[in-house]
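# Examining the three-dimensional arrangement
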Amino acid sequence: MEPPGNDVVAFESAEKIILRWDSTASEDAREKMIFAGDRHEIDRYLQAVDEIQRSMESATLSDDQNKANGAIQIAMARLEDEFRNILIAHTTPMEAESLTDSSPLPDEDYEDDSPLTKDLEHQESNSSCSYRSTNSIREIDLMPSDAIYDLRCIAERMILAGYLRECIQVYGSVRKSAVDSSFRKLGIEKLSIGDIQRLEWETLETKIRRWIRAAKVCVRILFASEKKLCEQIFEGLGTATDDACFMETIKGPAIQLFNFAEAISISRRSPEKLFKILDLHDALSDLLVDIEIVFDSKSSESIRVQAVEILSRLAEAARGILSEFENAVLREPSKVPVPGGTIHPLTRYVMNYISLISDYKQTMSELIVSKPSTGSRYSSDPNTPDMDFAELESQTPLALHLIWIAVILQFNLEGKSKCYRDTSLAHLFMMNNVHYIVQKIKGSPELREMVGDDCLRKLTGKFRQAATNYQRSTWVNVLHCLRDEGLHVKGSFSSGVSKSALRERFKTFNAMFEEVHRTQSTWLIPDTQLREELRISVSEKLIPAYRSFLGRFRSHIESGRHPENYIKYSGEDIETAVLDFFEGYQVSQHIRRRSQ
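Per an unreviewed UniProt entry, the protein goes by the name Exocyst subunit Exo70 family protein and belongs to Datura stramonium. Quoted verbatim from the Sequence similarities (unreviewed entry) field of UniProt, the annotation for the protein is "Belongs to the EXO70 family."

Shown next, in the form of structure tokens:
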């Protein structure tokens, strides 16, 4: 049965329009684009495609079906070209101001010459070390509405004709190029997990800072905007077509983006990596809600799962690094005494490290949920200090770890102090180092709060005890020379003084004081206040005792021969000489000259 006459006329008219724009048969058709022309011509072509579609549904004879199939194939090839051309014409690189995220970033020193990064840095404001923010998705219109309308018109007809796969592929290839361009602007490199793990840590630190900035932009702006564009063009045109186009566009870039964080999460652990791992953890944790919104479909589940797994591995890495750091502090093997009993590099490193941990208090408190696995009140291991956790029940697990690190640091330092042959220097070394520990804790409000006043009082008591021990080991014998015992001859107290014993006593004092001055002028107390306090304490015991001794016995020496050989120093000389102590340099010319 023949189709009604009007349908035949309509089909032939539509076919004529389709064939006129057949780029395989017409050079004119090859050189021009329908959707670059006037609206009337665009509408005529779309109506012609619709007419061919209707004819295919109503055609009953094979000849009619073959003609309709031929026409629709030509039309779909044309529409595919038009679709690609519109996408390309309206796919321009995002402007730098579009690829910025207004959430606060840490105030870090970091060099990057790309204009986009400089623009991003311009947006930064000072904040704590945590990346937590309340910022969320900010979609951008990637194309003008008239282009979106045309793309939707084409996509609707291609999908209806069974060309969904072709439509998705064309869309994905063009838009993925745009995403890749934005990635390059953001400094995201195409590196495999293996490539990333082979990089030097100093290089990775810079890349981590760049990744954190880029990840926020990618999830909240770039990917979110791409999803919006897919919805504008494809929503309602087929089952999850918009999602299929979205995944075709961004699945590769998203995997590329998250592979970086994954590589860091499974890399070899070492103490210097902790804080960048925490930065990554905070950034990814902050983005997780946005990731779940942007990748909310079944087909994008793998990306959501990858993000959650990376977050978990970063948390595990942070816990593992802290545990390994504790073991490293306990077992740090260096046995070469630091010159002058000054602060050991280990002390500076460890205290700066835990001070930084306290800056990440919120994150670390969430990650550290159990107390240190080593250390107990009744430890049988002589290489491990005792620590009664029962006395610290009110402390958080993180605080217990920080206190434990301070305990094992002291334990290690006590071992190092035994390397000094001079007992006085060993005590000075412990005083310097425990005092430094105390000052670092006091200097960080977060660290002080976690460690607590009781622990701080115990530490303060330890460095003060070390100072007392130093004074006893150094000055007891010196002051012993200034006693009266052994100088008097039996009989008369007022004149019965043994001059030979007195001369020997002065000689002994001079020799002992000169030796203490010679050595302890090279010792160092770096903290100005502590140095002054110890000098005052020494002076308060030594100078009155010397002046009193000198006052009582000067006349007995001066009445004899060569008194200058025995009374070398006045009280003022001793007072001046004490100022040379703990400065870390050789003896002053004053004492050196008088001792020759």
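The secondary structure content of the protein amounts to 22 helices and 0 strands. A buried classification covers 49% of the 596 residues belonging to the protein. When the accessible surface of the protein is split by element, carbon and sulfur atoms take 50% of a total near 28,500 Å².

Turning next to the packing of aromatic side chains. What the rule picks out here adds up to 22 aromatic pairs. Centroid distance F223 to F295: 5.8 Å. Interplanar angle 75°. Geometry classified as edge-to-face. With a gap of 72 residues between them, F223 in helix α9 (residues 201-234) and F295 in the loop between α11 (274-294) and α12 (301-331) connect regions that are remote in the sequence. Classification of F223 by relative accessible area gives buried; the value is 0%. Here Y470 and F582 contribute two aromatic rings whose centre-to-centre distance is 5.7 Å and whose plane-to-plane angle is 75°, an arrangement assigned as edge-to-face. Here Y470 is found in helix α18 (residues 453-480), whereas its partner F582 is found in the loop between α21 (571-578) and α22 (589-595), with 112 residues between them in sequence. Overall, the relative accessible area of 1% leaves F582 in the buried class. By the ring-pair criterion, three or more aromatic residues cluster together here, those being Y470, W475, F509, F513, Y546, Y569, F581 and F582. When the ring centre of Y566 is taken as origin, the NZ or CZ atom of R503, which lies over that ring, is 6.0 Å away.

A few words now on the packing of helix α19 (residues 499-520) against helix α20 (residues 528-558). Packing of α19 against α20 brings their axes to within 11 Å, and their N-to-C directions diverge by 145°. Note on packing geometry: the crossing formed by α19 with α20 is left-handed. On α20, the residues touching K499, L502, R503, R505, F506, F509 and F513 of α19 are L542, Y546, F549, L550, F553, H556 and I557. Residues of the contact of α19 with α20, tallied by class, amount to 10 nonpolar, 1 polar and 3 charged.

This paragraph deals with empty space enclosed by the protein. Applying the stated criterion across every chain, the model contains 3 cavities of 30 Å³ or more. Reported here for the largest cavity is a volume of approximately 140 Å³. In this structure, the largest cavity is lined by G187, I188, E189, L191, I196, K207, R210, W211, Q256, L257 and F260. Sorting the residues of the lining of the largest cavity by element identifies α9 and α10 (241-265) as the ones contributing at least two each. When grouped by side-chain class, the residues that make up the lining of the largest cavity number 6 nonpolar, 2 polar and 3 charged.

Bringing the environment of W523 into the picture now. In this structure, W523 sits in the loop between α19 and α20. Along the sequence, W523 and D580 sit 57 residues apart, while their C-alpha atoms lie 9.8 Å from each other. For W523, the residues in contact, after removing those within four places along its chain, are G340, D422, S424, L425, L428, Y470, F582, E583 and G584. At a separation of 3.5 Å, a polar atom in the side chain of W523 contacts the main-chain carbonyl oxygen of T519.

Over its 21 residues, α11 runs 29 Å from end to end, which matches the ideal 30 Å to within 8%, given 1.5 Å per residue. Buried residues dominate α11, accounting for 17 of its 21 residues.

So, about the packing of α20 against α21. Running from amino to carboxyl end, α20 crosses α21 at an angle of 165°, the nearest separation of the two axes being 9 Å. Comparing their axes, α21 and α20 come out roughly antiparallel. Judged by the twist between their axes, the crossing of α20 over α21 is right-handed. Contacts from R535, S539, L542, I543, Y546, R547 and L550 of α20 reach α21 at G571, E572, I574, E575 and V578. Its residues placed into classes, the contact of α20 with α21 shows 6 nonpolar, 2 polar and 4 charged.

Once that is clear, we can look at the pattern of salt bridges. Should the charged atoms of two oppositely charged side chains come close, the side chains can pair. The full count for this structure, using the stated rule, is 35 salt bridges. The residue R220 makes a salt bridge to D290 at a minimum N-O spacing of 2.9 Å. Placement of the pair is R220 in helix α9 and D290 in helix α11, with a sequence separation of 70 residues. A single burial state applies to R220 and to D290, both of which are buried. Several salt bridges share partner residues, and in doing so they unite R531, E532, R535 and E583 into one network.

Moving on: the nonpolar core. Grouped together as the largest cluster of nonpolar side chains are 177 residues, with contacts concentrated most on F83, F223 and I357. Here this core gets 18 residues from one element, more than from any other, and that element is α9. Setting aside its immediate chain neighbours within four residues, I357 contacts L274, F275, L322, M364, L398 and L402.

We now examine the environment of G187. Counting through the fold element by element, G187 comes out in the loop between α7 (164-186) and α8 (193-197). For G187, a relative accessible area of 24% gives the class partly exposed. As for G187 and K207, which are separated by 20 residues in sequence, their C-alpha atoms are 8.5 Å apart.

Empty space among the atoms becomes apparent when a probe as large as a water molecule is rolled across them. Roughly 560 Å³ of internal volume is contained in the largest pocket. M387, I403, V407, C455 and K458 are, among the 22 residues lining the largest pocket, the residues nearest its centre. Mapped onto the lining of the largest pocket, the elements with two or more residues apiece are α15 (397-417) and α18. Sorting elements by how many residues they give to the lining of the largest pocket places α18 first, with 6 residues. Taken together, the residues of the lining of the largest pocket sort by class into 9 nonpolar, 4 polar and 9 charged.

Thresholds, definitions, all that
- Residues numbered from 1 in each chain as written.
- Predicted model: local features only at pLDDT ≥ 70, side-chain atom pairs only at ≥ 80, totals over all residues.
- Heavy atoms only, no water.
- UniProt positions renumbered as here; feature names shortened; annotations may be inferred.
- Helix = DSSP H or I, 4+ residues; strand = E, 2+ residues; numbered from the N terminus.
- Buried < 20%, exposed > 50% of the residue type's maximum accessible area, 1.4 Å probe, protein only.
- Areas by Shrake-Rupley, 256 points an atom, 1.4 Å probe, with all protein chains shown as cover.
- Phe/Tyr/Trp six-rings, centres within 6.5 Å; stacked < 30°, edge-to-face > 60°.
- Lys NZ or Arg CZ within 6 Å of the ring centre and 35° of its normal.
- Axes fitted to C-alpha atoms, helices over the stretch in contact; angles between N-to-C directions.
- Left-handed = near helix turned anticlockwise from the far one by under 90°.
- Contact = heavy atoms within 4.5 Å.
- Nonpolar A, V, L, I, M, F, W, Y, C, P; charged D, E, K, R; others polar.
- 1 Å grid on protein atoms, 1.4 Å probe; cavity = no way out; pocket = protein on both sides within 12 Å on 5 of 7 lines; lining within 4 Å.
- Points joined across faces, edges and corners; volume = space filled by probe spheres on them.
- Polar contact = N/O pair within 3.5 Å; in protein donor to acceptor, adjacent residues only side chain to side chain.
- Expected span 1.5 Å × (residues − 1).
- Parallel < 35°, antiparallel > 145°, perpendicular 65-115°, else oblique.
- Salt bridge = Lys/Arg side-chain N within 4 Å of Asp/Glu carboxyl O.
- Core = buried A, V, L, I, M, F, W, Y, C linked by side-chain atoms within 4.5 Å.

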